[in-house]
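Tertiary structure, described
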Amino acid sequence: MIALILVALASLIAFRLGVSHRKRIAEAAFGSAEAEAKEIVQRAKKEGESKKRELLLEAKEENHKQRQEFDRELKERRGELSRQERRIQQKEENLDKKLESIEAKEERIQAREKELDQLRGELEEVKKKELVVLEKLSGLSVEEAKNFLLKNVESEVRHEAALMVKEIETQAKEEAEKNAKNIIAGAIQKCAADHVAETTVSVVNLPNDEMKGRIIGREGRNIRTLETLTGIDLIIDDTPEAVILSGFDPVRREIARLSLEKLIVDGRIHPARIEEMYEKAKKEVETEIKQEGENAVFETGVHGLHPEIMRLLGKLKYRTSYGQNVLKHSIEVSHLSGLIAGELGADITLAKRAGLLHDLGKAADHEMEGSHVMIGADLAKKYKEGPDVVHAIMAHHGDVEPNSLVAVIVQAADAISAARPGARRENIESYIKRLEKLEEIANSFEGVERSFAIQAGREIRIMVKPDDIKDEGIVMVARDIVKKIESELEYPGQIKVNVIRETRAIDYAK
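Quick caveat: nothing in here was measured; it's all calculated off a predicted structure. Along each chain, the written sequence defines residue order, and numbers are assigned to residues from 1. Where totals are concerned, whole chains, interfaces and linings use all residues; where local detail is concerned, this predicted model gives features only for residues with pLDDT of at least 70, and gives and counts side-chain atom pairs only at 80 or more. The side-chain numbers reported here are obtained from all heavy atoms of the structure, hydrogens and water having been left aside.

Some thoughts on the overall build of the protein
To be explicit about the condition: Helix and strand assignments come from DSSP, with helices taken as H or I runs of at least 4 residues and strands as E runs of at least 2, each series counted from the N terminus. Per-residue accessibility, obtained with a 1.4 Å probe over protein chains only, is compared with the maximum for each type, and a residue is labelled buried under 20%, exposed over 50%, and partly exposed between these values. Contacts were defined at the residue level, with two residues in contact if any of their heavy atoms lie within 4.5 Å. Accessible surface area values rest on a Shrake-Rupley calculation with a 1.4 Å probe, where residue burial reflects the displayed protein chains alone.
For the protein, the helix and strand inventory stands at 14 helices and 8 strands. For the protein, the proportion of its 510 residues judged to be buried stands at 30%. Put simply, of all contacts in the protein between residues at least 6 apart along the chain, 60% involve residues at least 24 apart. Total accessible area on the protein stands at roughly 35000 Å², and carbon and sulfur atoms take up 55% of it.

Remarks on helix H10 (residues 372-382)
The complete set of buried residues in H10 reads His372, Val373, Ile375, Gly376, Ala377, Leu379 and Ala380. Following H10 by one or two positions, Lys384 adopts a phi angle in the positive range, close to 65 degrees.

Focus: the pattern of salt bridges
Just so we agree on the cut-off: Here, a salt bridge means any Lys or Arg side-chain nitrogen found within 4 Å of an Asp or Glu carboxyl oxygen.
Tallying each qualifying case throughout the model produces 20 salt bridges. A salt bridge links Arg87 to Glu80; its shortest N-O distance comes to 3.8 Å. You can call Glu80 partly exposed: its relative accessible area is 31%. Counted as one network, the salt bridges with shared partners bring together Glu69, Arg72 and Glu76.

Here's the deal with the sheet that holds strand S8 (residues 496-500)
Cut-off, in case you're wondering: Strand pairing is assigned whenever DSSP detects at least two bridges linking the two strands. Axis angles are defined between N-to-C directions and span 0 to 180 degrees, where every axis is a line fitted to C-alpha atoms and, for a helix, only to the segment in contact.
Across the sheet, which stays open at both edges, the 3 strands sit in the order S6-S7-S8 with mixed pairing between neighbours. Looking at the sheet topology across the chains shown, the edges are occupied by strand S6 (448-454) and S8. When the angles between neighbouring strand axes are averaged without regard to direction, this sheet yields 20 degrees. Of the strand pairs in this sheet, S6 and strand S7 (residues 459-464) are connected by 6 bridges, and their pairing is antiparallel.

Some points on the packing of helix H8 (residues 326-344) against helix H9 (residues 348-357)
Test applied: Roughly parallel covers angles under 35 degrees, roughly antiparallel covers those over 145, roughly perpendicular covers 65 to 115, and oblique covers all other angles. Left-handed describes a crossing whose near helix is turned anticlockwise from the far helix through less than a right angle; right-handed describes the clockwise counterpart. Following the grouping adopted for this structure description, the nonpolar residues are Ala, Val, Leu, Ile, Met, Phe, Trp, Tyr, Cys and Pro, the charged ones are Asp, Glu, Lys and Arg, and the polar ones are all others, Gly among them.
It is the contact of H8 with H9, at a shortest axis distance of 7 Å, that shows an interaxial angle of 155 degrees. Considering their axes alone, H8 and H9 lie roughly antiparallel with respect to each other. Remark: the crossing between H8 and H9 carries right-handed chirality. Facing Ser330, Ile331, Val333, Ser334, His335, Ser337, Gly338, Ala341 and Gly342 of H8, the residues of H9 in contact are Ile348, Ala351, Lys352, Gly355 and Leu356. A class-by-class count of the residues in the contact of H8 with H9 yields 6 nonpolar, 7 polar and 1 charged.

Some thoughts on the environment of Val243
Residue position: Val243 is located in strand S3 (residues 242-246). Sequence separation of Val243 and Val203 is 40 residues, and the distance between their C-alpha atoms is 5.8 Å. Among residues more than four places away in sequence, those in contact with Val243 are Ser202, Val203, Val204, Leu206, Ile215, Leu234, Ile235, Ile236 and Leu260.

Considerations on the sheet that holds strand S2 (residues 233-235)
Across the sheet, which stays open at both edges, the 3 strands sit in the order S1-S3-S2 with antiparallel pairing between neighbours. Each having just a single partner strand, strand S1 (202-205) and S2 make up the two edges of the open sheet. Averaged over all neighbouring strand pairs, the angle between strand axes comes to 25 degrees, with direction disregarded.

Points about the pairing of S7
Along S7, 5 of the 6 residues are buried, which leaves the element largely enclosed by surrounding structure. Summarising the sheet, S7 and S8 pair through 5 bridges and their orientation is parallel. Its bridge partner lying in S8, Ile462 is registered against Val499.

Here's the deal with unusual backbone geometry
The residue Glu219 is not glycine, and still its phi comes out positive at about 55 degrees. Along the chain, the position of Glu219 falls in the loop between helix H3 (210-216) and helix H4 (221-230). The class for Glu219 is exposed, based on a relative accessible area of 73%. Phi is positive for Lys384, close to 65 degrees, though the residue is something other than glycine. Within the secondary structure layout, Lys384 lies in the loop between H10 and helix H11 (387-395). Residue Lys384 is classed as exposed on the basis of its relative accessible area, which comes to 74%.

A few points about H11
Counting buried positions over the 9 residues of H11 gives 7, a clear majority of the element. Residues Val389, Val390, His391, Ala392, Ile393, Met394 and Ala395 constitute the buried set of H11.

Overview of the environment of Ala242
With respect to the helices and strands, the residue Ala242 is situated in strand S3. Counting along the chain gives 34 residues from Ala242 to Asn208, while the straight-line C-alpha distance between them is 8.5 Å.

A look at the nonpolar core
As a reminder, the rule being used: Residue types Ala, Val, Leu, Ile, Met, Phe, Trp, Tyr and Cys, when buried and joined through side-chain atoms within 4.5 Å, form a set referred to as a nonpolar core.
By size, the foremost hydrophobic cluster in this structure holds 42 residues, and its most contacted members are Leu305, Ile309, Leu313, Leu357 and Leu379. Those elements giving two or more residues to this core turn out to be helix H6 (271-300), helix H7 (307-315), H8, H9, H10, H11 and helix H12 (405-419). In terms of residue count, the dominant contributor to this core is H8 (7 residues). Leaving out residues up to four positions away in the same chain, Leu313 has contacts with Gly293, Val297, Leu305, Leu327, Leu356, Leu357 and Leu360. If you look at the next biggest cluster of nonpolar residues, it comprises 19 residues, including Ile441, Ile460, Leu489 and Val499.

What to know about a nonpolar patch on the surface
Our working rule: Patch construction takes residues with relative accessible area above 30% that form no salt bridge. Like charges are linked within 9 Å, and nonpolar side chains (Val, Leu, Ile, Met, Phe, Trp, Tyr) are linked within 5 Å.
A cluster of nonpolar residues, Ile2, Ile5, Leu6, Leu9, Ile13 and Leu17, forms a patch on the protein surface that exposes about 620 Å² of accessible area. Note that Ile13 resides in helix H1 (residues 2-138).

Focus on the environment of Ile462
Take Ile462: it is sitting in strand S7. A sequence separation of 37 residues divides Ile462 from Val499, and the C-alpha atoms of the two residues are 4.7 Å apart. For Ile462, the residues in contact, after removing those within four places along its chain, are Ala442, Val448, Arg450, Ser451, Ile481, Val497, Asn498, Val499 and Ile500.

Examining the side chain of Asp359
Short version of the rule: Nitrogen and oxygen atoms within 3.5 Å of one another constitute a polar contact, given that in protein one can donate a hydrogen and the other can accept it, and given that sequence-neighbouring residues count only through two side-chain atoms.
By the secondary structure assignment, Asp359 is in the loop between H9 and H10. Engagement of the side chain of Asp359 in a polar contact is seen with the side chain of His329, the distance being 3.4 Å. Not counting chain neighbours up to four residues away, the residues in contact with Asp359 comprise Leu316, Val326, His329, Ser330, His372 and His396.

Describing the confidence of the model for the protein
Inclusion rule: Confidence of the predictor at the level of single residues is captured by pLDDT, which takes values from 0 to 100.
Mean pLDDT for the protein: 80, with 89% of residues reaching 70 or above. Contacts for the low-pLDDT stretch residues 192-199, under 50 throughout, to residues beyond four places or in other chains number 21 contacts.

Structure follows, in structure tokens:
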């Protein structure tokens, strides 16, 4: 027990001694750290003072440099201002000199004006004296002499003006007619398309007459099936080894022709086979129509057409007008329009486009009501063609008055293509008889002096007697002649009746 107490006391004494030792060591370390901290603070203060002095020196140097720069710029600006002041002063001196010279000139001008006024006064007095002398000598007053001179001058001027106007009109007509002939002749020569008159009835050749009975079929069922499917009449008569197809729709007639030819080659003719061959022929014709439309566009160089318009153009291959193939006619009109437009400086592309589409309505005039002109214009509008093309289509037969150069060109190209010999199925004898009949109808009216059928019978010019028919009466004469032509004459397209009344004054210089 006592030993334990002694051990505890010894441990306590050792602990106290250790604590006091560590305290002395810590106090010594703290004192050294405090001294080191004071030393660091002093060094930092010294370094801060030195940095401060350096920055102040740098700031002073920079301030000194900026002041020098400012002084230099100020000196330069003062020098520039002084130079400008000298220039302004020189200009002011020059202006003062010019003002002085101008004032001197004005003074001289004023003096001259005074002299001129004085001379004018003297001239007026001399003029008055001379007029008095002239009036005494001539026996006429000033107004009478003036009127006399004016009448003489006016009559001479009128005579010369009339001669000049007549000469200019004659030259203009000769030049215009010559240029027009050259343009049309050149266009026709460059576009020398071949024309063959085409019939509107299709004929299918048979290998033998026995085939006619097979086409008719038992109790006529084969021929009824063909006519029902195609909408075409089959005429089987005494014509040897031939069947005639007749119908108003050329596309249907072509489908019927192809169907019948396929059936004849195949040999199996019965309603089911007829329907099969009809469908094949229909697809072939549709493909052919599309191909022909694309070929026409490629041949004429007209691009950007709607696919439906190209299909309608292809249908024109199976459409004829007075025996003339309408697609070939449209292509030729497109070429002619482009050539004439090139000669006249018009838009060639637009002219060719309008020429190609001018008879577009003929591809649908069997399906829609109205004239081919209005149908074509409506189709062109429907498929987003421009207003110039639509107007050219509407004006190419004179249904509306052409108000653009392209419309007039298409109208002329259409007339050239249709009037060309061989373009339409009409022999020379019937052609001449039609023109003679046209002139005969016009000459049969009272007051008509003479008439001339021109433009291949598309226009008749009628000269009336000015003493018998007045200006207001020529309208009625034209209307009466139109009615008689429509009732008595058959003709392609339309005929323009142009009634002319003119009064001529003729005199002779002796």
